[in-house]
Amino acid sequence: MRILWVENHLIFAHVAGRQFLASHEVLIVPTIAEARKVLKTEMFDVVLLDYDLDDGKGTELVKEIKQFQNVALIAVSSHTEGNNLLKSAGADHSCTKLHFHEIAKVISSVT
């Protein structure tokens, strides 16, 4: 499965990615701008989207992601409020970073 992970805490993303997403092809981008570029040229099965990014809020990307691709979108903020805002904007599901060990179950539930 191809996963785009929009996450600006790169150490967390690399460590958690190796531990919980090792069986998938994961591309990590740290900004909204980089996600926009990638979404125009590459296809993904799942997008993991953080709320607080260096160049804006993840909610800015939700409609664009859904417009470019038929993809499962999972909010992965460290806090419930960010995840709720992403879900209100159109994310299919959420998984807080504290519970990231459950990401495989979440992905299975939306794909």
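So, how was this worked out
Residues numbered from 1 in each chain as written. Predicted model: local features only at pLDDT ≥ 70, side-chain atom pairs only at ≥ 80, totals over all residues. Heavy atoms only, no water. Phe/Tyr/Trp six-rings, centres within 6.5 Å; stacked < 30°, edge-to-face > 60°. Buried < 20%, exposed > 50% of the residue type's maximum accessible area, 1.4 Å probe, protein only. Helix = DSSP H or I, 4+ residues; strand = E, 2+ residues; numbered from the N terminus. Polar contact = N/O pair within 3.5 Å; in protein donor to acceptor, adjacent residues only side chain to side chain. Contact = heavy atoms within 4.5 Å. Arc of directions from axis to C-beta. Pairing = 2+ DSSP bridges.

**A word on the packing of aromatic side chains**
Taken as a whole and assessed by the stated rule, the structure comprises four aromatic pairs. Ring geometry for Trp5 and Phe12: centres 5.9 Å apart, planes at 80 degrees, overall edge-to-face. Exposure remark for Phe12: the relative accessible area of 27% places this residue in the partly exposed category. A ring pair is formed by Phe20 and Phe100, whose centres lie 6.1 Å apart and whose planes are at 65 degrees; its orientation type is edge-to-face. With Phe20 in helix H1 (residues 10-20) and Phe100 in the loop between strand E7 (93-94) and helix H5 (103-110), this residue pair connects regions lying 80 residues apart in the sequence. Given the relative accessible area of 2%, Phe100 is considered buried. Put simply, the rings of Trp5, Phe12, Phe20 and Phe100 pair up and form one aromatic cluster.

**Some points on the side chain of Asp50**
Within the fold, Asp50 resides in the loop between strand E3 (46-49) and strand E4 (52-53). By relative accessible area, Asp50 is classed as buried at 2%. Side chain to side chain, Asp50 and Lys97 meet in a polar contact 3.4 Å long. Ignoring any residue separated from it by four or fewer positions in sequence, one finds Asp50 in contact with Val6, Glu7, Asn8, His9, Gly58, Val76, Ser77, Ser78, Leu86 and Lys97.

**Re helix H4 (residues 80-89)**
Looking at H4, one finds that the buried residues are Gly82, Asn83 and Leu86. Here the buried residues of H4 occupy an arc of 100 degrees about the axis, which is enough to place them on one side. Exposed and oriented more than 90 degrees from the buried face of H4 are Thr80, Glu81 and Ser88. Buried residues in H4 make contact with E3, helix H3 (59-68), strand E6 (72-75) and E7. The positive-phi residue at the C-terminal boundary of H4 is Gly90, with phi of around 130 degrees.

**Some points on helix H2 (residues 32-41)**
Since the α-helix advances by 3.6 residues per turn, residues separated by three or four positions end up pointing in the same direction. Residues of H2 that are buried include every one of Ile32, Ala35, Val38 and Leu39, and no others. For H2, the buried positions fall inside an angular range of 125 degrees around the axis, keeping them on one side. In H2, those exposed residues whose orientation departs by more than 90 degrees from the buried face are Lys37, Lys40 and Thr41. Summarising the contacts, the buried residues of H2 are in contact with strand E1 (2-6), strand E2 (25-29), E4, strand E5 (56-57) and H3.

**A word on the pairing of E2**
Two elements, E1 and E2, share five bridges in a ladder whose sense is parallel. Paired with Arg2 across the strands is Glu25, a residue of E2.

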